[in-house]
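Tertiary structure, described
Listed below, chain by chain, are the residues.
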Amino acid sequence: MPDFDVGDAQYVPLPRDCLRQYQRNFVRMQSSANETKKLTAVSLLPAKLREFVEENVRICCPSNVQVCDGSDAENQLLVNKLIESGTIVSLPKYKNCFLARSSVKDVARVESRTFICTRNRRDAVNVPRGSALGQMGNWMSLEQADKAIEERFVGCMAGRTMYVIPFSMGPLNSPYSKIGVQLTDSAYVVCSMRIMTRVGTEVLEKLNSDQDSYFVKALHSVGRPASGQVEHPHWPCDPERTLILHKPEFDEIVSYGSGYGGNSLLGKKCFALRIGSTIARREGWLAEHMLILGVTDPKGRKRYVVAAFPSACGKTNMAMMRPSLPGYKVECVGDDIVWMRFDQHGQLRAINPEFGFFGVAPGTSGSTNPVAMETIFENTIFTNVAQTSDGGVYWEGMEDPAPGVTVKDWLGEPWVPGSSTPAAHPNSRFCTPADQCPIIDEHWASPEGVPIDAILFGGRRPQGVPLVYEAFDWKHGVFIGASMKSEATAAAEHKGKAIMHDPFAMRPFFGYNFGHYLQHWLSMANKANVKLPKVYHVNWFRKDKEGKFMWPGYGENSRVLDWILRRVNDEPNTAQVTPIGYVPTKESFNATGLNVDFDGLFSVPKEFWTEEAKEVANFLYEQVDQDLPQDIQDQIKNLIDRLNSYQTN
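Below or above, wherever it landed, is the structure these notes cover. Values in this document were obtained by computation on a predicted structure and should not be read as measured data.

Helix and strand counts for the chain come out as 15 helices and 34 strands. Taken against the 2.2 N^0.38 rule, which gives 26 Å for 649 residues, the C-alpha radius of gyration of the chain at 25 Å falls within 12% of a compact globule. Taken across its 649 residues, the chain has 60% of its residues classed as buried. Counting only contacts in the chain whose residues sit at least 6 apart along the sequence, the fraction spanning at least 24 positions is 74%. Surface accessibility of the chain: about 25700 Å² in total, with carbon and sulfur atoms responsible for 48%. Taken together, the 69 basic and 75 acidic charged side chains of the chain have centroids lying 1 Å from each other.

In this section: the sheet that holds strand 26 (residues 429-433). On the basis of which strands lie adjacent, the open sheet formed by 5 strands has the order 4-5-21-26-20 and mixed pairing. Strand pairing shows two members of the sheet lacking a second neighbour, strand 4 (88-90) and strand 20 (356-360), which therefore form its edges. Averaged over all pairs of adjacent strands, the angle between their axes in this sheet comes to 20 degrees, without regard to strand direction. Where strand 21 (residues 381-383) meets strand 26, 3 bridges bridge the pair, whose relative direction is antiparallel. Note that in strand 26 the partner of Ile381 across the bridge is Cys431.

As a further point, take the side chain of Asp69. Of note, Asp69 is situated in the loop between strand 3 (64-67) and helix 2 (72-85). The charged side chain of Asp69 is buried without a salt bridge, its nearest counter-charge being Arg194 at 6.9 Å. Reaching out from Asp69, the side chain makes a polar contact with the backbone nitrogen of Ser71 at a distance of 3.0 Å.

Take helix 2 next. The terminal C-alpha atoms of helix 2 lie 20 Å apart, and with 14 residues this matches the ideal 20 Å at 1.5 Å per residue to within 8%. Residues of helix 2 that are buried include every one of Glu74, Asn75, Leu78, Val79 and Leu82, and no others. Buried residues in helix 2, looked at end-on, bunch into an arc of 135 degrees, giving them a common side. Positive phi shows up at Gly86, right after helix 2, with a value of about 85 degrees.

Okay, the pairing of strand 9 (residues 178-184) next. A large share of strand 9 lies buried, amounting to 7 of its 7 residues. Here strand 9 shows two buried faces, one formed by Lys178, Gly180, Gln182 and Thr184 and the other by Ile179, Val181 and Leu183. Bridge count for strand 8 (residues 161-169) against strand 9 is 7 bridges, and the pairing is antiparallel. Counted as the bridge partner of Tyr163 is Thr184 from strand 9.

Before going further, it helps to spend a moment on the sheet that holds strand 24 (residues 407-408). Sheet architecture is open: 4 strands sit in the order 23-22-24-25, paired in antiparallel fashion. Edge strands, defined here as strands with exactly one partner in the open sheet, are strand 23 (393-394) and strand 25 (414-415). Relative to strand 23, strand 22 (residues 386-388) runs antiparallel, the two being bridged by 2 bridges. By the bridge assignment for strand 23, Gln387 is matched with Val393.

Where helix 10 (residues 474-482) meets helix 11 (residues 514-523), the axes come as close as 10 Å, and the angle between the chain directions of the two elements is 150 degrees. Here helix 11 runs roughly antiparallel to helix 10, going by the angle between their axes. Crossing handedness for the pair helix 10 and helix 11: right-handed. When helix 10 is examined against helix 11, the residues Trp474, Lys475, Val478 and Ala482 are found in contact with a partner set consisting of Phe514, Leu518, Trp521 and Leu522. Its residues assigned to classes, the contact of helix 10 with helix 11 comprises 7 nonpolar, no polar and 1 charged.

We now examine the environment of Phe514. Positionally, Phe514 belongs in helix 11. Among the residues examined, Phe514 registers a relative accessible area of 0% and is labelled buried. Through-space distance from the C-alpha of Phe514 to that of Asp297 is 37 Å; in sequence the pair is 217 residues apart. When residues no more than four places from it in sequence are discounted, the contact partners of Phe514 are Asn126, Met136, Ala482, Pro503, Phe504, Leu620 and Val624.

Moving on to the pattern of salt bridges. Inspection of the entire model under this criterion finds 38 salt bridges. For Asp251, the salt bridge identified is with Arg282, shortest N-O distance 3.0 Å. Of this pair, Asp251 sits in the loop between strand 12 (243-247) and strand 13 (252-256) while Arg282 sits in helix 7 (residues 267-283), and the two are 31 residues apart along the sequence. Assessed through its relative accessible area of 5%, Asp251 is described here as buried. Across the pair Arg322 and Glu374 runs a salt bridge whose closest N-O atoms are separated by 2.5 Å.

Another aspect to go through is the environment of Leu293. Within the secondary structure, Leu293 is located in strand 15 (residues 291-296). For the pair Leu293 and Val306, spaced 13 residues apart in sequence, the C-alpha to C-alpha distance is 6.5 Å. Residues in contact with Leu293, not counting those within four places in the same chain, are Arg303, Tyr304, Val305, Met318, Ala319, Val330, Glu331, Val333 and Leu561.

Let's shift gears to the packing of helix 10 against helix 15 (residues 630-644). Interhelical geometry of helix 10 versus helix 15 gives an angle of 90 degrees and a closest axis separation of 10 Å. In terms of axis orientation, helix 10 runs roughly perpendicular to helix 15. Counting all contacts with helix 10, which are made through Lys475, His476, Val478 and Phe479, the residues of helix 15 involved are Asp631, Ile632, Gln635, Ile636, Leu639 and Arg642.

Following the sequence through the fold, Trp395 ends up in the loop between strand 23 and strand 24. The exposure class of Trp395 is buried, given its relative accessible area of 0%. For the pair Trp395 and Thr87, spaced 308 residues apart in sequence, the C-alpha to C-alpha distance is 20 Å. Residues contacting Trp395, with those up to four places away along its chain left out, are Ala361, Pro362, Gly363, Thr364, Met373, Ile376, Phe377, Phe382, Val385 and Ala424. Separated by 3.0 Å, the side chain of Trp395 and the backbone oxygen of Ala361 make a polar contact. Of the polar contacts made by the side chain of Trp395, one reaches the backbone oxygen of Thr364; its length is 2.8 Å.

Both trends apply: most residues other than glycine have a negative phi, and most peptide bonds are in trans. Located in the positive-phi region is Ser213, a residue other than glycine, with phi close to 50 degrees. Within the secondary structure, Ser213 is located in the loop between helix 6 (201-209) and strand 11 (216-221). Of note in the backbone geometry, Asp625 takes a positive phi value of approximately 50 degrees without being a glycine. Asp625 sits in the partly exposed class, given a relative accessible area of 23%.

Rules used throughout
Residues numbered from 1 in each chain as written. Predicted model: local features only at pLDDT ≥ 70, side-chain atom pairs only at ≥ 80, totals over all residues. Heavy atoms only, no water. Helix = DSSP H or I, 4+ residues; strand = E, 2+ residues; numbered from the N terminus. Rg over C-alpha atoms; globule rule 2.2 N^0.38 Å. Buried < 20%, exposed > 50% of the residue type's maximum accessible area, 1.4 Å probe, protein only. Contact = heavy atoms within 4.5 Å. Areas by Shrake-Rupley, 256 points an atom, 1.4 Å probe, with all protein chains shown as cover. Lys, Arg positive; Asp, Glu negative; His and termini not counted. Charge placed at Lys NZ, Arg CZ, Asp CG, Glu CD. Pairing = 2+ DSSP bridges. Axes fitted to C-alpha atoms, helices over the stretch in contact; angles between N-to-C directions. Salt bridge = Lys/Arg side-chain N within 4 Å of Asp/Glu carboxyl O. Polar contact = N/O pair within 3.5 Å; in protein donor to acceptor, adjacent residues only side chain to side chain. Expected span 1.5 Å × (residues − 1). Arc of directions from axis to C-beta. Parallel < 35°, antiparallel > 145°, perpendicular 65-115°, else oblique. Left-handed = near helix turned anticlockwise from the far one by under 90°. Nonpolar A, V, L, I, M, F, W, Y, C, P; charged D, E, K, R; others polar.

Following this line, the structure appears as structure tokens:
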């Protein structure tokens, strides 16, 4: 990706010193306990936070500042404001649910406008070989970033309220957790962040009690177009100048122009992954794009597993699985992001740093994910789904509306089944509290985290990739993560069904050089007295010659977990060696009652994998070049050597 040029941006300078507007300004904080109003001056905030707020008040010139306390009363006031402005509408069919329709130009992550900002380019992104374009993130210099911020943020909140959101990623009492503060001019973002993170006065108290008052700084504005013309008044944004910047050296995030998803809910991908991964590298742990689930076998033995899939590839479905195998139980810890570190006993432990689910709606149904359907119809914000005349929502994959019930699509236009356009945007979402999940794990908010016994990688691979295989060892497992590929989805601005490289399902979310990231993963094996989890690759999406899926997926994926747990438990005679790793023996994999092509599901076609190995090698050598760790180079050679000597039946 070429360096970003901010030289042509247009803006209208406004007065920078706006603090005089706040000499009598107070921050309204609602006490949900007795509904009395408590007025607290901005000057009473912790010193570092006060400086952060005042500095950005000078730049953004809001008309009001409100520190958020996360209470029900405060949330209701914001909901009323959003309804009045037309940003959301109430959904009377459900309890405390709402629907938002965004601007048609603000519907997904904008990876092409997302940057890591450092003094040295190589700290942020790997430098590809020759003239190749980098695929593993975008870099911007700190000077360019500061110029871009000035050209966008000066006066951008004039006439709006600046909300100060103190939030914790992870349980507030966990040593694994981190605090952030987001400044935003979007009440929709405040309500969504309250669902997705732990927001409230307890976070401020924690900042006050900590000696260094450390927090990740996050500044966000929906923006104000240079022309001054807002295309959709209910959803102000500036899509032509949208920019998401990360400054790892300072643990800062700056986002402008978008009000939707990971572009604006800055605790999610921006903090938990991009900035989180850089903090994790400094402190010796892992911040990853993974689900966490607990699985109990018929003998009552419980294990915890994490799995990395690209966005919209089934993480939520797996995290909320209803197993088809009798005697198995799956419980959800998290569906999207994991923070992991080894404890004093060498056990890898993980927390879910989030507080809610931000799931893709289309394809979620009573048949594909009944647990999600039982979770989301209370206290939820839906965005860009269709609306039904009986006060509910609709999207592709749901059962058809009842007779007589009409549908308006995500654009607010009449829609009927069979229409050439979708009812819901492909990246439409539900934002819902995690503790509503009927299978939420009892330890999902445990401050010490849950113990991890297996790591899964996976993606949408229609050809050649077995249903499941196991890495030979840790280094091979890191290589499998580095080699991940998947069909593109609607979660970002990509089009079509192209197979894209997506290492560790982190391609859009790396906070630093991918080569250094690989070395960090490899270094986990160098820690003293650690128990390294086994590593697997799964692929629910292999197709036969007729283009039909070979595996039913969903609850039947418990059969894959069954085999993985048997491997974790070191049961003998459960695997056979192939050039790419261990695959199940027919006797050890429970396919009872299924009409599936076992040999086809687990075949390792030599011709396919020979080309795959060459392509992966070319990708890694080209993209990572001089930063590609020697251990990964050795893994490439080992795979090619194994394939050369591989004899197929």
